[in-house]
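# Examination of the molecular architecture
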Amino acid sequence: MHILEFMKEHLVLLDGGMGTLLQAKGLAAGELPERWNLAYPERITEVHRAYFDAGSHIVSTNTFGANTLHYTSAELEEIIPAAVENARRAQRETVGTQPTFVALDIGPTGRLLSPFGDLDFEDAVSIFATTVEIGVRAGVDLILIETMNDSYETKAALLAAKEHSTLPVFVSNAYGEDGKLMTGATPSVMAAMLEGLGADAIGVNCSRGPAALLPIATELVARTSRPIFLKPNAGLPHIENGRTVYDVSPEAFAECVKLAVGNGVRAVGGCCGTTPEYIRALSQAVGAMTPLPIEKKSESVVTSYASSVSFGKTPVLIGERINPTGKKRFRQALIEHDIDYVLREAFRQETNGAHVLDVNVGTPEVDEASLLCEITRELQAVCALPLQLDTADPVAMERALRVYNGKALINSVNGKKESMEQIFPLAKKYGGVVVALTLDENGIPETAQGRVEIARRILEAAAEYGIDKKDLLFDPLTLTVSADANAARVTLEAVERIRNELGCNTSLGVSNVSFGLPRREMLNSTFFSMALERGLSAAILNPDSQDMMRAYYAFCALSGSDAQCASYIAFAEKCPMPSNTTAVATESKEAVPTDGGSELQNAIRKGRCESAKKEAKRLLESVSPTDLIAHWIVPALDAVGKGFEEKRVYLPQLLMSAEAAKAAFEEVKCALLKDGSHAKARGLSVVIATVKGDIHDIGKNIVRLLLENYGFEVLDLGKDVEPARILDAARERSASLVCLSALMTTTLPAMEETVRLLHDALPQCKVAVGGAVLNGEYAHRMGADFYSADAMGAVRYAESLSGTERGK
Amino acid sequence: MTQHAIELFDASLPPVDRGEVLRYLRARESGEVDALIEDCLAECEGALTGAGVCYCRAELRFENGFAVIFGQTIESHDLARALAGCREVLLLGATVGVGMDRLIAKYSRLCPSRALCLDAIGDERIEALCDAFCAQMQQKTGSTLGMRFSPGYGDLPLSYQRELFAILDCPRKIGLTLGESLLMSPSKSVTALVGIS
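Scoring rules and cut-offs
- Residues numbered from 1 in each chain as written.
- Chains lettered and ligands numbered in written order.
- Predicted model: local features only at pLDDT ≥ 70, side-chain atom pairs only at ≥ 80, totals over all residues.
- Heavy atoms only, no water.
- Helix = DSSP H or I, 4+ residues; strand = E, 2+ residues; numbered from the N terminus.
- Rg over C-alpha atoms; globule rule 2.2 N^0.38 Å.
- Buried < 20%, exposed > 50% of the residue type's maximum accessible area, 1.4 Å probe, protein only.
- Contact = heavy atoms within 4.5 Å.
- Lys, Arg positive; Asp, Glu negative; His and termini not counted.
- Charge placed at Lys NZ, Arg CZ, Asp CG, Glu CD.
- Buried area = accessible area lost by both parts, 1.4 Å probe.
- Salt bridge = Lys/Arg side-chain N within 4 Å of Asp/Glu carboxyl O.
- Polar contact = N/O pair within 3.5 Å; in protein donor to acceptor, adjacent residues only side chain to side chain.
- Pairing = 2+ DSSP bridges.
- Axes fitted to C-alpha atoms, helices over the stretch in contact; angles between N-to-C directions.
- Phe/Tyr/Trp six-rings, centres within 6.5 Å; stacked < 30°, edge-to-face > 60°.
- Disulfide = S-S within 2.5 Å.
- Core = buried A, V, L, I, M, F, W, Y, C linked by side-chain atoms within 4.5 Å.
- Domains from an automatic or database assignment.
- pLDDT = per-residue confidence, 0-100.

### Points about the overall build of chain A
Assigned secondary structure in chain A consists of 30 helices and 25 strands. The C-alpha radius of gyration of chain A comes to 30 Å, within 12% of the 28 Å expected for a compact globule of 808 residues. Viewed in the frame of its principal axes, chain A has a C-alpha envelope of about 90 × 75 × 50 Å. Taken across its 808 residues, chain A has 59% of its residues classed as buried. Counting only contacts in chain A whose residues sit at least 6 apart along the sequence, the fraction spanning at least 24 positions is 74%. Side chains of chain A give 81 positive and 104 negative charges; the mean places of these two sets differ by 3 Å.

### Observations regarding the interface of chain B and chain A
Many analyses report the size of an interface as the accessible area lost when the parts associate. Taken together, the contact pairs 56 residues of chain B with 66 residues of chain A. The three residues of chain B that bury the most area against chain A are Arg-102, Arg-109 and Arg-172 of chain B, which together make up 17% of that side's buried surface. The partner of Arg-109 of chain B in a salt bridge is Asp-340 of chain A, with the nearest N and O atoms 2.6 Å apart. Counting the contacts that link chain B with chain A gives 15 residue pairs in polar contact (both at pLDDT 80 or more).

### A closer look at the sheet that holds strand β15 (residues 387-390) of chain A
Residue and element names in this part refer to chain A. Reading around the barrel, the eight strands line up as β13-β14-β15-β16-β17-β18-β19-β20 and close back on themselves, with parallel pairing between neighbours. The average angle at which neighbouring strand axes cross in this sheet is 30°, direction not considered. Judged from the four bridges that link them, strand β13 (residues 316-322) and strand β20 (residues 538-541) form a sheet pairing that is parallel. The partner of Leu-317 across the bridge, within β20, is Ala-539.

### What to know about the packing of aromatic side chains
Residue and element names in this part refer to chain A. Applying the stated criterion across every chain, the model contains 13 aromatic pairs over all chains. Between Phe-170 and Phe-229, the aromatic rings sit 5.6 Å apart at their centres with planes inclined by 35°, giving tilted as the arrangement. In this pair, Phe-170 sits in strand β5 (residues 169-173) while Phe-229 sits in strand β7 (residues 228-232), placing the two residues 59 residues apart along the sequence. Its relative accessible area of 1% is what places Phe-229 among the buried residues.

### A few points about the state of the cysteines
A full pass over the atoms with the stated rule returns zero disulfides over all chains. A disulfide-free cysteine, Cys-765 of chain A has its sulfur positioned 9.3 Å from the sulfur of Cys-739 of chain A, the nearest such atom. Free of any disulfide, Cys-40 of chain B has its nearest neighbouring cysteine sulfur in Cys-117 of chain B, separated by 3.7 Å.

### Examining the environment of Val-481 of chain A
All names here are of chain A. The topology assignment puts Val-481 in the loop between β18 (472-475) and α18 (487-502). For the pair Val-481 and Gly-139, spaced 342 residues apart in sequence, the C-alpha separation works out to 63 Å. Those residues within four positions of Val-481 in sequence are excluded, and the remaining contacts are Ala-487, Ala-488, Val-513 and Leu-517.

### Notes on the side chain of Arg-109 of chain B
Tracing the backbone shows Arg-109 of chain B in helix α4 (residues 98-110). When sequence neighbours within four positions are dropped, the list of residues in contact with Arg-109 of chain B reads Ile-339, Asp-340, Leu-343 and Glu-378 of chain A.

### Focus: the side chain of Asp-338 of chain A
One can find Asp-338 of chain A in the loop between α12 (328-335) and α13 (339-351). Setting aside residues no more than four positions away along its own chain, Asp-338 of chain A makes contact with Arg-329, Ala-333 and Lys-669 of chain A.

### Things to note about the nonpolar core
Across soluble globular proteins, nonpolar side chains show a tendency to be buried alongside one another. Counting residues in each nonpolar core, the largest one holds 149 residues, and the members touching the most others are Ile-143, Ile-145, Leu-230, Val-268, Ile-375, Phe-424 and Phe-474 of chain A. Two domains each donate at least three residues to this core, and these are domain 1 (3-25 + 33-286) and domain 2 (301-543) of chain A. Those residues within four positions of Phe-474 of chain A in sequence are excluded, and the remaining contacts are Ala-436, Thr-438, Ala-455, Ile-458, Leu-459, Ile-498, Cys-504, Asn-505, Thr-506 and Ser-507 of chain A. Core analysis: the second largest hydrophobic core is formed by 91 residues, Leu-600 of chain A together with Leu-25, Tyr-55 and Ala-94 of chain B among them.

### Let's talk about the domain arrangement of chain A
Here the domain parsing of chain A yields domain 1 (3-25 + 33-286), domain 2 (301-543), domain 3 (599-675) and domain 4 (685-807). A C-alpha centroid distance of 46 Å is found between domain 1 of chain A and domain 4 of chain A.

### Some words on the confidence of the model for chain A
Fine structural detail should not be taken from predicted coordinates in areas where pLDDT scores are low. Averaged over all residues, the pLDDT of chain A is 92; the fraction at 70 or higher stands at 96%. Confidence drops under pLDDT 50 across residues 578-596 of chain A; counting only partners more than four residues distant or on other chains, this segment forms 32 contacts.

### Topic: the sheet that holds strand β24 (residues 766-770) of chain A
Residue and element names in this part refer to chain A. Pairing in this open sheet of five strands is parallel, and the strands run β22-β21-β23-β24-β25 from one edge to the other. Here the strands that pair on one side only, and so sit at the sheet edges, are β22 (713-716) and β25 (786-787). Sheet topology note: the strand β21 (residues 685-690)/strand β23 (residues 737-741) ladder contains five bridges and is parallel. Directly across from Ala-689, in β23, lies its bridge partner Leu-740. Sitting on the sheet, helix α28 (residues 748-761) is in contact with β23 and β24, with an inclination near 170° to β24.

Written as structure tokens, this is what we have:
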């Protein structure tokens, strides 16, 4: 019988702990338990058999850590089939009469995924894929991915399981004391993400005792239409007379798990500290129970790695600023690969109240697929808002969906056959809520009726791919009222009818309505209010616009979706937005003299970003951009730099000044773009990177910031960078200087290799090194041209090289 | 043989010591720096929820002048010196969690002075966590704890991290992982051996 068939009608008993039992049988501290599948097969079979005898329907193989990080592929080819056979033998020998199944057990890799760890996402997928392939060949009934405490690694494992097998996949996470995964995901995030990726059952295991996991299991039941399972620990371990004891007894454990079954959990077992005795108690407590029927959920949800946003309640604001269309400065940033600029746009929208960020990086000068992928990774590392991936290129869409750590908004599909054939399979495989535009091969219908009909067709087509209507967000398209007086009326009618007749959520790009008209914000905000009143679920807009945000908060307060008007009051209190000035300093203990010099120079010396920006803007009305750099910004910075070198100024202050200078530079850059000219770099091209194996980059970022401030053109390759990539970049840029940073003694060989590679291939290129573990002597020995103890040292070295070059 | 059991420490963090933060920041008090620290402290309040400590106690013997733990000889003179006179040893892994790394990464891109300050706060927090743990263990065992001796100190090779991680099951217990270059992630983490006398 198929496990999923059996599960429809029956409550399923899983097994209990393995590690604790193996320890009792003599497994030593730090010994790899999977080796016992070969060394002591009878002991492993004994454990499995005890679980089957106690009533388990499913036992999981002793393969928790059986992956290529701990074993060679050849070893896995022996270990995994042996593990499966040990479970199969127990299945044949058990006295139990219940239907029994064997699950291939897959635990986490034990490594953290990039960017906070050093394991690449696709490498993680391959590691899991190897285990899955061998396990499937050995013949199991299902796959159990368990104890995952990171959403991203969970996705890697589930993708691998789905891509390399057709077996049912059960996926279970370990939640911390705060009810979240170690990397931040809540149960509702995991429910949406795992259901979207096609998990056949979703669970919670390990972590803590049954009482602590009960609310998590109950929330999972409420959030998904998939069966939920629960495998808690037997409480917390402690030592009594030299023995490990867990503080929840089998009976208490069973009583508590029974409550979970009463709340709709459909499969139960145990994790650390549980034994066949616990499963027997469980079998007695719940064996006769019939599982509750699964209710189909209709909540439409997107998530990031940490937070979820649902449509259909409070209107959702989708920030539109990450998009080059009509934005010269943004386009420039994409062409220059200025990722920080994109991140700043994201943070500003987040601060101003966006719930989701649209991400569109399509401009002819860039490789959109790579850039969308890269920016998705960068954004999800530091921003907790869900993303709306926005591209017309299905290849870019798939690559971005693959690396996305959550359930994304997919922008977009439309009623054209080709569009649906490209987008729906992606949505089915990776999960996501798809924005569906109500247009087709014949264009945009002029009537609301026509748009509703297309929506209906899209709905039917989606169903054929197995995509539920909760995972569609219809955009009935906003056209400008300057061309057709009825345009807004038709759109609003379509919003209302899609909601009422199809029961679906809607989204609009609001600002198109005023195209070609003056004072657009007046029309936009009123149209937005009208659409919200007709039931609009989401809007793509500029969260930096006061008018739009006023309309939004006022609507929420007036429509009863803002309890005690709390959000409205909070918004009103800071309206208009205060400037972002931080660190208002007291006048005492001046480390940098502030007398004399202009306002701009004072702002830079004191590290005040906002006033530096404002002053730069004012000065640019009368001073040329190059003069501003040469006579205002650089001298001010230099004064602070000297203070640092003379130890009168400390690093945090130096950085604050550098940041203020950067804010002033940003104004210079805008002025130059307006002129159509480009910022003139100081002759010297610099490439900077943290070497292979090293993932900490604070020091490197500081050096980069200062070099940029001094007018050098810097290409930042990031952290954990292969030597060959650094060489390629240096060659391509004709770099005169490469700066390398390393933090660990273990990554010094990588640094040494990079230096050697650069010197062999590009003898004219100088290499400067720095980082916690280095000193001048070691740097010299590895062949570096320069060792810098601090960030200013690197700047001075670059200046000296630049002087030499000019002298030539 | 004593069974090896990994226990978890109820990781409640003590209040932040601003003097220590300044020390890690290698800066002196000033209006700008103080304001920066206060801002950063406010920001990282929610970022420290992933903190955790896992530990296990083991019998300690000495053979040929080297410490033997769980039947394994650790060839380090400096470790043996640090543990001299002890009959038991505490193995510990501690982390403030990945939330701190996320904040540092965010500001590293946005505002490096903040990143630097958050980094210093992270250093202060992980040391404070270890101190709090050791103080409690001292009370619990009624004995004196020695210094925290970590892989990479003196002649104890950094590669001993692998052994410690295998014994303590750090990834599963507290979400602390070890990279290929023996770098720990989350970055604000400590592993150590502590003698109990």
